[in-house]
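Spelled out from the first residue to the last, the chains are:
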Amino acid sequence: MTRWIRWSAPAALAISISAPAHAVQYLSIAQAQRQAFPGATFAEVQGGRVWKAESGGRLLGYFVFDRVIGKHLYIDYAVSVDPSGRVRRVDILEYRESYGGEVRSPSWLAQFVGKTAGSALAVGQDIRNISGATLSSEHIAQGVKRILLAYGGRGR
Amino acid sequence: MSGLLNVNARARRRASRPALARLLLGTTILGVSAGAAHAIDDPSKPLTTTERPAEQASSATEQMLRRMQMMEQRIQMLEAQLKQKQQGTPSAAAPAGAPPAGKSAASPFKLGPLPSAGTAPAGASAPATAAGGAPAPADAATQAAANPQTPPRPEGPTPTAQTALWHLPPLPGGQPGVSSDKPLLGVADSPVPGLSIGAYGEIHFGAQQNPAAGGQWQAGFDARRVVLLPTYAITPNIIFNAEIEFEHGGSAFDADDKLHGTAEIEQVWIDFKMVDQFNWRAPGVDLIPIGYINQHHEPTQFYSVRRPELYLGLIPSTWKAGASSFYGTIADGLSYQVQASMSLEDFGDNFDVRTDANTVPPFPAGYAPGISGTDALAFAQAPIGDFRQLNNAVAIAGKLDFSPPFMPGFAGSVSAYYTPNTTPRGAYDQVFGNPLGQSSLAMFDTEFRYRIPDTGWELRGEVVRVTFGNPANLRANNDSDPFNNVGKTMWGTSGEVAYHFPLGTFIGSSWEAVPFFRYTYQNLQMSGFAGTDLNSPTGFGEQRFYTAGFAIFPTPQVVLKASYQRIKTNDPVAPGADSVLGGVGFFF
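The shown structure was predicted, so the numbers you read here are calculated from the model rather than taken from an experiment. (Residues numbered from 1 in each chain as written. Chains lettered and ligands numbered in written order. Predicted model: local features only at pLDDT ≥ 70, side-chain atom pairs only at ≥ 80, totals over all residues. Heavy atoms only, no water.)

### Considerations on the overall build of chain B
Definition in use: What counts as a helix is a DSSP run of H or I of at least four residues, what counts as a strand is a run of E of at least two, and both are numbered from the N terminus. In this scheme, a residue with accessible area under 20% of its type's maximum is buried, one over 50% is exposed, and one in between is partly exposed, where area comes from a 1.4 Å probe on protein chains only. In this description, contact between two residues means that some pair of their heavy atoms is separated by no more than 4.5 Å. Computed with a 1.4 Å probe, the accessible areas rest on the Shrake-Rupley method; for each residue, only the protein chains presented here act as cover.
Regarding its fold elements, chain B presents 5 helices and 17 strands. Burial status across chain B gives 48% buried among its 588 residues. Residue pairs at least 24 apart in sequence account for 63% of intrachain contacts in chain B once pairs closer than 6 positions are excluded. Accessible area of chain B: about 26300 Å², with a carbon and sulfur share of 64%.

Structural data, given as structure tokens:
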């Protein structure tokens, strides 16, 4: 029976010294903005959702904060779009589920760079499926597509 | 029992003081860091208990100020528009700080000046600071979405500020919003932030040879399983998850219901998310981390109607047990899980014949083996209820999952399971009634899935091997049945090739077809037999499965399947068990 104690003691220890709140949050909005548009100043365009990135009065692009569901829980992510409507960067800000965290892989997210509203953005076509994170990858691809359409379709 | 309590109490006493100190330290750190942490959080996140009232108050004031600022901007903007409309001079009244309208009109996306741009703070994350659930920005967004026409749209040829507004729907998660991904069964928003209910299930139908009827072909239908998946993020870092499963239509007592299925808790656990590298899953009912399909067994994860053959015996999926584990991500594309669980047990008989003393029924009543050369480990799962496990052993399992960044489309895993003993209490041989001693069990699995980039091809492969510590103590080798004996090991391997064809758009979604072929070989009766039985295996334990068919995905959440399976064994007189099956699966 001491076996259980041997196994659960490290867990109890780890919990009691657990990291500061929200360790599962990988990036804050501000950090993600700085990564996407280094040195830019940000102006909010739509409350809590869209920011314009500028540097010296020149438009660098837009930073969009969004949320899709993974398998059960929401994934917070951000899409940075350059003025021509191409994806500059996609970042996962917060991933809450126990499985499927592979969508955070930089190599997977890099596939979105350069995509436009005209791209298929379909898992299995221009975006790789992630085995074990099927729903998360599908939903992020759909989310990016929605954002690009919201941007690209504007004023046309 | 009292011994156990004493041990626990001692352990608690020993651990309590340093643990308390750590807890206090942790809480202090939390308290100090919470302000900073929340400053960068998303708006829908509920306040944590560590947040102080003063901070709440100041953030509420900030929020109020921001709302007022936004309202002021809006009034100014509307005034400007009104003026502009009255004067008939388009785009003359763009707010201060915005680029000239002409420039924006020239942009390919017709991006106009943005009304609040000039005055909105550059500290762009500020609106997200208020962790109060429904902060001002979200309200503004809701308002904008609800009344898209509120700002009067100019009719002149040159777009003004309003045409350039992003009108994204408000964020899902607590607020009524427009989203295609709904937390409640994919159809509704959750009334409680953090709560979601998913589901998966599968229906099988078709014809199969019934070995019990001498291989006669029989048509049939099976409401194989319907599973509800409630998940609740109690806090962002403490997450509840469960799978509530109804198999074969469910269960009932009345004769007119004709139900002989199950209702079971297939999973229930609470996760404590700490850091990326280390998280704890509290004791609960959990899946054993072996292979891929045991943990990812939704019907959209495989293409045959039935689960892959290696998971029907060698790996007794859905293999679940009372368990606790640690897991985390070590590096990009590399994650692990280590789990302690209640051991497999070599008892395959009805639950009811266990005695109240938690032993097998006494000699000479006899009992069916949990591990055998005909069914592998299919009947060896430990019960998950009522302290009715038949031995004291705790098994250890570990899994390493990898999807290397340098090899896009590739994912694989290696996993292992070890239990020091599978022999149930009171086990005996059926010939002399002598007690059976302990026998350990080790399992090793390695598998990969490779979706070759830029092609439709997908390859999967797997090898699983089971080793028994002492076959002389296995019930199958001592049950007076000379045909179901087990050697020192069992093993199986499978290879699968599939091709993904896009079928185009039909009734509003893009369809995909996936024809596949899978070959599986398994040998459940290797050499190394020991025990009191006569040993005359018929060759039934050596099996080859040829499975071909296709899966059609109308959307990624739904699959329609058809598969044909031919089974060959080395037993020349064994009745056939081939099948032609259709299936419908869903997962959302």
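More follows now that the structure is in view.
### Thoughts on the overall build of chain A
Of regular secondary structure, chain A possesses 4 helices and 5 strands. Each helix and strand of chain A, placed in order from N terminus to C terminus, yields the pattern α-α-β-β-β-β-β-α-α. Among the 156 residues that make up chain A, the fraction classed as buried is 60%. As presented, chain A carries roughly 5300 Å² of accessible surface, and 54% of it is formed by carbon and sulfur atoms.

### Here we look at the sheet that holds strand S4 (residues 74-81) of chain A
All names here are of chain A. Short version of the rule: When DSSP finds at least two bridges between two strands, those strands are taken to pair. Helix axes are fitted to C-alpha atoms over the stretch in contact, other axes to C-alpha atoms as well, and angles between N-to-C directions run from 0 to 180 degrees.
With antiparallel pairing, the 5 strands of this open sheet are ordered in space as S1-S2-S3-S4-S5. Two strands close off the open sheet at either side, each with one partner strand: strand S1 (41-46) and strand S5 (87-95). Each neighbouring strand pair of the sheet contributes to a mean axis angle of 25 degrees, computed without reference to strand direction. Both S1 and strand S2 (residues 50-55) contribute to a ladder of 5 bridges, which runs antiparallel. Across the sheet, residue phenylalanine 42 finds its bridge partner in S2, namely alanine 53. Packed on one face of the sheet, helix H2 (residues 29-36) meets S1, S2, strand S3 (58-69), S4 and S5 and runs near 155 degrees to S5.

### Notes on the environment of Thr423(B)
Residues and elements named next belong to chain B. Definition in use: What qualifies as a polar contact is a pair of N or O atoms within 3.5 Å, subject to a donor-acceptor requirement within protein and to the restriction that residues adjacent in sequence count only when both atoms come from side chains.
Along the chain, threonine 423 turns up in the loop between strand S9 (410-419) and strand S10 (441-451). Residue contacts for threonine 423: discarding those within four places in its chain leaves Leu390, Asn391, Leu436, Gly437, Gln438, Ser439 and Asn473. A distance of 3.5 Å separates a polar atom in the side chain of threonine 423 from the backbone nitrogen of serine 439.

### Things to note about the pairing of strand S17 (residues 579-587) of chain B
All names here are of chain B. Summarising the sheet, strand S1 (residues 195-210) and S17 pair through 9 bridges and their orientation is antiparallel. In the strand pairing of S17, phenylalanine 205 is matched with glycine 582. In terms of strand pairing, strand S16 (residues 558-569) meets S17 through 8 bridges, oriented antiparallel. The residue bridging valine 558 from the neighbouring strand is phenylalanine 586, located in S17.

### A look at the pattern of salt bridges
Residue and element names in this part refer to chain B. Here is the rule: Should a side-chain nitrogen of Lys or Arg be within 4 Å of a carboxyl oxygen of Asp or Glu, the pair is scored as a salt bridge.
All told, the structure shown has 23 salt bridges over all chains when counted by the stated rule. Arginine 225 is paired through a salt bridge with glutamate 247; the nearest N and O atoms lie 3.5 Å apart. With arginine 225 in strand S2 (residues 216-235) and glutamate 247 in strand S3 (residues 238-251), the pair connects residues that are 22 residues apart, well separated along the chain. Take glutamate 247: its relative accessible area is 12%, and that puts it in the buried class. Residue arginine 518 pairs with glutamate 309 through a salt bridge whose shortest N-O separation is 3.0 Å. Placement of the pair is arginine 518 in strand S14 (residues 509-523) and glutamate 309 in the loop between strand S5 (278-287) and strand S6 (320-331), with a sequence separation of 209 residues. The two residues arginine 518 and glutamate 309 agree in class, both being buried. A single network of salt bridges, built from pairs that share partners, joins Glu202, Arg224, Arg225, Glu245 and Glu247.

### Considerations on the environment of Ala53(A)
All names here are of chain A. Mapped onto the secondary structure, alanine 53 falls in strand S2. On the accessibility criterion, alanine 53 (0% relative accessible area) is buried. Taking the C-alpha atoms as reference points, alanine 53 and glutamine 25, separated by 28 residues in sequence, lie 23 Å from one another. Among all residues touching alanine 53, those that are not within four sequence positions of it are Phe37, Ala40, Thr41, Phe42, Arg58, Leu59, Leu60 and Gly61.

### Some thoughts on the environment of Gln209(B)
Residues and elements named next belong to chain B. Mapped onto the secondary structure, glutamine 209 falls in strand S1. Taking C-alpha positions, glutamine 209 is 30 Å from valine 353, a pair spaced 144 residues apart along the chain. Not counting residues up to four positions away in its chain, the partners in contact with glutamine 209 are Gly215, Gln216, Trp217, Gly576, Ala577 and Asp578.

### What to know about the side chain of Ser439(B)
Residues and elements named next belong to chain B. Mapping serine 439 onto the fold places it in the loop between S9 and S10. Judged by its relative accessible area of 1%, serine 439 is buried. Polar side-chain contacts of serine 439 include one of 3.0 Å to the backbone nitrogen of asparagine 470. Beyond its immediate chain neighbours, meaning those up to four positions away, serine 439 contacts Pro420, Asn421, Thr422, Thr423, Phe468, Gly469, Asn470, Pro471, Asn473 and Leu474.

### Regarding a nonpolar patch on the surface
Residues and elements named next belong to chain B. Note the following rule: Any residue with relative accessible area above 30% and no salt bridge may belong to a patch, with like charges joined within 9 Å and the nonpolar Val, Leu, Ile, Met, Phe, Trp and Tyr side chains within 5 Å.
Taken together, the side chains of Leu185, Val187, Val226, Leu228, Ile244, Phe246, Ile265, Ile384 and Phe588 define a hydrophobic patch exposed on the protein surface, amounting to about 700 Å² of accessible area. Elements with a minimum of two residues in the nonpolar patch: S2 and S3. Inspection of the secondary structure assignment puts phenylalanine 588 in the segment after S17. When its relative accessible area of 32% is taken as the criterion, phenylalanine 588 is described as partly exposed.

### A short note on the confidence of the model for chain A
Applied cut-off: The quantity called pLDDT is the predictor's confidence in a given residue, expressed from 0 to 100.
For chain A, per-residue confidence averages 82 on the pLDDT scale, and 81% of positions sit at 70 or higher. Note on residues 18-23 of chain A: pLDDT is under 50 here. Beyond four places in sequence and across chains, it has 19 contacts.

### Quick notes on unusual backbone geometry
Residue and element names in this part refer to chain B. For the peptide bond that leads from serine 317 to threonine 318, omega is -5 degrees, which places it in the cis range. With respect to the helices and strands, the residue threonine 318 is situated in the loop between S5 and S6. In this model, lysine 258 sits at a positive phi of 50 degrees, which is unusual for a non-glycine residue. For lysine 258, the location among the structural elements is in the loop between S3 and strand S4 (260-275). Accessibility expressed as a relative area gives 72% for lysine 258, which makes it exposed. Of note in this structure, aspartate 386 is not a glycine but carries a positive phi near 60 degrees. One can find aspartate 386 in the loop between strand S7 (334-342) and strand S8 (394-402).

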